[in-house]
Amino acid sequence: MNQGTIKPAAFPPDFVWGVATSAYQIEGAAKEDGRGLSIWDTFSHTPGKVLNGDTGDVACDHYHRWAEDLDIVAGLGVDAYRFSIAWPRVQPAGQGDWNEKGLDFYDRLVDRMLEMGLAPHATLYHWDLPQALQDVGGWANRDTCQRFADYAEYMGRRLGDRVASIATHNEPWCTAIKGNLLGEFAPGLRDEGVALQVAHHLLLSHGMALQAMRAAGVRAPLGIVLNQSPAHPASNAPEDVAAAARAYGDFVRWYADPIFLGRYPAITNYTRLPEAHENDFKNIGQPLDFLGINYYTRIWTSTAQPPVPAPGPHGYSDMDWETYPEGLTELLLGIQRDYDLPPIYITENGMACADVLANGRVADADRTEYLRSHLAAVDAARRGGVDVRGYFYWSLFDNFEWELGYDKRFGLVHVDYATQQRTLKDSAHWYRDFVLQHKETSK
Ligand code: FCB
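What you see is a predicted model, and the numbers here were worked out from it, not measured in a lab.

### Some thoughts on helix α7 (residues 143–159)
- Here α7 contains 17 residues, and its C-alpha end-to-end distance of 24 Å stays within 8% of the 24 Å for a straight helix at 1.5 Å per residue.
- Looking at the packing, one finds that the buried side of α7 touches α4 (87–90), α5 (100–116), β3 (119–125), α6 (131–134), β4 (165–170) and α9 (192–215).

Encoded structure:
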């Protein structure tokens, strides 16, 4: 198989290869074994919020098929599996009682991974806040930070000696901005003040969770997952250049500056600062054992009317996101310049394609090319001195893609939602071959 310009041997022997998923997107079993409601149950069951009225009620039925699903992960030859814990499954109301059946599910999942030689990488929050906490203000309520720190400590004590890493939040930008400013994600609000307060509390709860887990003696490396992109102006016109700097401020710096520099950035589109208490930045800026980066595309800013579109030399995904692998290298080199970084994992990177399953095969050449070119981009960043230790493809499966329901397919593995049949796409075979060759060359 042609692996183009990137060779498996470019990566060091201990480089971690993985695939990623999240709880609400694959588990289903929304009402089973004592699971509480999450804001995504409420949102997806609200007419008009999710394309085609899709919900995560069944999703990939992973709650029941987890064992065969782990066989698929192992069959890909990867080292690691990134998954998230559904807070309402383990603590239905977000405080108070713990749900043993929910906890057992993650115990079994982790134990089985360890038996199979797969490293479990857990994320505590991939957007499924217990609805009971939203009912008292959700992330806009400062008390939710303590609820999250308690949850983190409990899960840290429970799993922290067995998992390979624990990330607090996945993509706080999405929770804050898509959920509370753009109204596209649960809880579906459109309010800048609320959104920025939510972002602040996500960051604070992250820092409080790290402190709580460390105080409890959790041994697993602890970190956070941020979605980041470089921002490019459509022209050298000062308005476009300034717009790109503000967009980078909103998307990247609003989260990374508080964590690494102890303040919010000055260059931004936002018109206000959230309410912060004394010591908040000290609590937010806890040392990280690792930083997870999710990268999909670049940000493109044009102030012209109509706006100048991104040139898209490598095409676009089925999300209409421009494929731009060199942006990943640029981003990593940029954050390495701006911050004192811990080791980095690419915790998500992937492409939605309009896949067709025909005669048992999905010929997704575009996804393979996306994967190949982004691995080359990771290699280029590593050669530039960035300490990237691993790569997780998003996603293992086609799954519930939030407000777009089951319409967008990101998986290496195709899922037929009527039968729950899983089929490895061509890209999965390519990734497996690449990883296996890497193992060969690393012996
Ligand atoms: C990321 C999310 C993930 C998935 C991909 C496509 O923003 O973390 O759940 O939706 O995008």
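### A word on the pattern of salt bridges
- Counted according to the given criterion, the structure contains 36 salt bridges.
- Two residues, Asp-104 and Arg-158, come together in a salt bridge whose shortest N-O distance is 3.7 Å. Separated by 54 residues along the polypeptide, Asp-104 in helix α5 and Arg-158 in helix α7 bring together distant segments of the chain.
- When its relative accessible area of 32% is taken as the criterion, Asp-104 is described as partly exposed.
- Residue class for Arg-158 comes out partly exposed when judged on its relative accessible area of 21%.
- Across the salt bridge formed by Lys-178 and Glu-184, the nearest N and O atoms sit 3.2 Å from each other.
- One network of salt bridges, in which partners are shared, links Glu-100, Asp-104, Asp-107, Asp-111, Arg-158, Asp-161 and Arg-162.

### Section: the side chain of Arg-89
- Residue position: Arg-89 is located in helix α4.
- Reaching out from Arg-89, the side chain makes a polar contact with the backbone oxygen of Gly-28 at a distance of 2.9 Å.
- Leaving out residues up to four positions away in the same chain, Arg-89 has contacts with Glu-27, Gly-28, Ala-29, Glu-32, Arg-35, Tyr-63, Asn-99, Gly-102, Phe-105 and Tyr-106.

### Some remarks on the pairing of β4
- Judged by how many residues are buried, β4 sits mostly within the fold: six of six residues are covered.
- Relative to strand β5 (residues 222–227), β4 runs parallel, the two sharing three bridges. Directly across from Asn-170, in β5, lies its bridge partner Val-225.

### Considerations on empty space enclosed by the protein
- Per the stated rule, a full pass over the model turns up four cavities of 30 Å³ or more.
- Counted as a void, the largest cavity has a volume near 70 Å³.
- Surrounding the largest cavity, Arg-82, His-121, Ala-122, Thr-123, Ser-165, Ala-167, Val-225, Phe-290, Tyr-345, Thr-347 and Phe-392 form its lining.
- Among the secondary structure elements, those contributing two or more residues to the lining of the largest cavity are β3, β4 and β9 (344–348).
- Among the elements that line the lining of the largest cavity, the one with the most residues is β3, at three residues.
- Each residue belonging to the lining of the largest cavity can be placed in one class, and the counts come to six nonpolar, four polar and one charged.

### Overview of the packing of helix α8 (residues 172–180) against α9
- Two elements in contact, α8 and α9, have axes separated by 8 Å at closest approach and are oriented at 160°. Classified by the angle between their axes, α8 and α9 sit roughly antiparallel to one another. Pair α8 / α9 crosses with right-handed handedness. Residues Pro-172, Thr-175, Ala-176, Ile-177 and Asn-180 of α8 touch α9, and the partners they reach there are Val-194, Ala-195, Val-198, Ala-199 and Leu-202.

### Some thoughts on the sheet that holds strand β1 (residues 16–20)
- Taken in spatial order, the eight strands of this closed barrel run β1-β2-β3-β4-β5-β7-β9-β12, and their pairing is parallel. Averaged over all neighbouring strand pairs, the angle between strand axes comes to 25°, with direction disregarded.
- Here β1 runs beside strand β12 (residues 388–394); their pairing, made up of five bridges, is parallel. Bridge assignment links Val-19 to a residue of β12, and that residue is Tyr-393.

### Examining the packing of aromatic side chains
- Inspection of the entire model under this criterion finds 41 aromatic pairs.
- Aromatic pair Trp-98 and Tyr-154: ring centres 3.7 Å apart, planes at 5°, arrangement stacked. In this pair, Trp-98 is assigned in the loop between α4 and α5 and Tyr-154 in helix α7, connecting sequence segments 56 residues apart.
- With a relative accessible area of 26%, Trp-98 lands in the partly exposed category.
- For the pair Tyr-125 and Trp-139, a centre-to-centre distance of 5.3 Å together with 80° between the ring planes defines the contact as edge-to-face. One end of the pair, Tyr-125, is in strand β3; the other, Trp-139, is in the loop between α6 and α7, and 14 residues separate them in sequence. As far as burial versus exposure is concerned, Tyr-125 and Trp-139 are alike and both buried.
- The residue whose ring lies beneath Arg-89 is Tyr-63, and the NZ or CZ to ring-centre distance is 4.1 Å.

How each quantity is defined
- Sequence order sets the numbering: in each chain, residues are counted from 1 along the sequence as written.
- Local features in this predicted model are restricted to residues whose pLDDT is 70 or higher, and side-chain atom pairs enter the listing and the counts only when it is 80 or higher, whereas totals over whole chains, interfaces and linings include all residues.
- Heavy atoms throughout the structure, all of them, feed into the side-chain values; hydrogens and water do not.
- For helices the rule is a DSSP run of H or I covering at least 4 residues; for strands it is a run of E covering at least 2, with both sets numbered from the N terminus onward.
- Given a helix with a known number of residues, its expected span is that number minus one, times 1.5 Å.
- Any pair of residues with heavy atoms lying within 4.5 Å of one another is described as a contacting pair.
- Salt bridge, as used here, is a side-chain nitrogen of Lys or Arg placed within 4 Å of a carboxyl oxygen of Asp or Glu.
- Buried residues are those whose accessible area, probed at 1.4 Å on protein chains only, stays under 20% of the maximum for their type, while exposed residues exceed 50% and partly exposed ones sit between those limits.
- A 3.5 Å cut-off defines polar contacts: any pair of N or O atoms within that distance qualifies, except that in protein one atom must be a possible hydrogen donor and the other a possible acceptor, and neighbouring residues in sequence count only when both atoms are side-chain atoms.
- For two strands to be treated as a pair, DSSP must find no fewer than two bridges joining them.
- Only protein atoms enter the 1 Å grid, on which a cavity is a set of points fitting a 1.4 Å probe that cannot get out and a pocket is an open set with protein on both sides within 12 Å along at least 5 of 7 lines, lining residues being those with an atom within 4 Å of a point.
- Grid points are joined across faces, edges and corners, and a volume is the space filled by probe spheres set on the points.
- Any residue that is not Ala, Val, Leu, Ile, Met, Phe, Trp, Tyr, Cys, Pro, Asp, Glu, Lys or Arg is counted as polar, Gly included; the first ten are nonpolar and the last four charged.
- In this description, a line fitted to the C-alpha atoms serves as the axis of each element, helices being fitted only across the stretch in contact, and the angle between N-to-C directions of two axes falls anywhere from 0 to 180 degrees.
- Angle categories are assigned with fixed cut-offs, so that under 35 degrees is roughly parallel, over 145 is roughly antiparallel, 65 to 115 is roughly perpendicular, and the rest are oblique.
- For any helix crossing, the convention is left-handed if the near helix is rotated counterclockwise from the far helix by under a right angle, and right-handed if that rotation is clockwise.
- Planes of paired rings set the category: under 30 degrees apart is stacked, over 60 is edge-to-face and the rest tilted, where pairs are Phe, Tyr or Trp rings (Trp by its six-membered ring) whose centres lie within 6.5 Å.
- Geometrically, a lysine NZ or arginine CZ counts as sitting over a ring once it is within 6 Å of the ring centre and also within 35 degrees of the ring normal.

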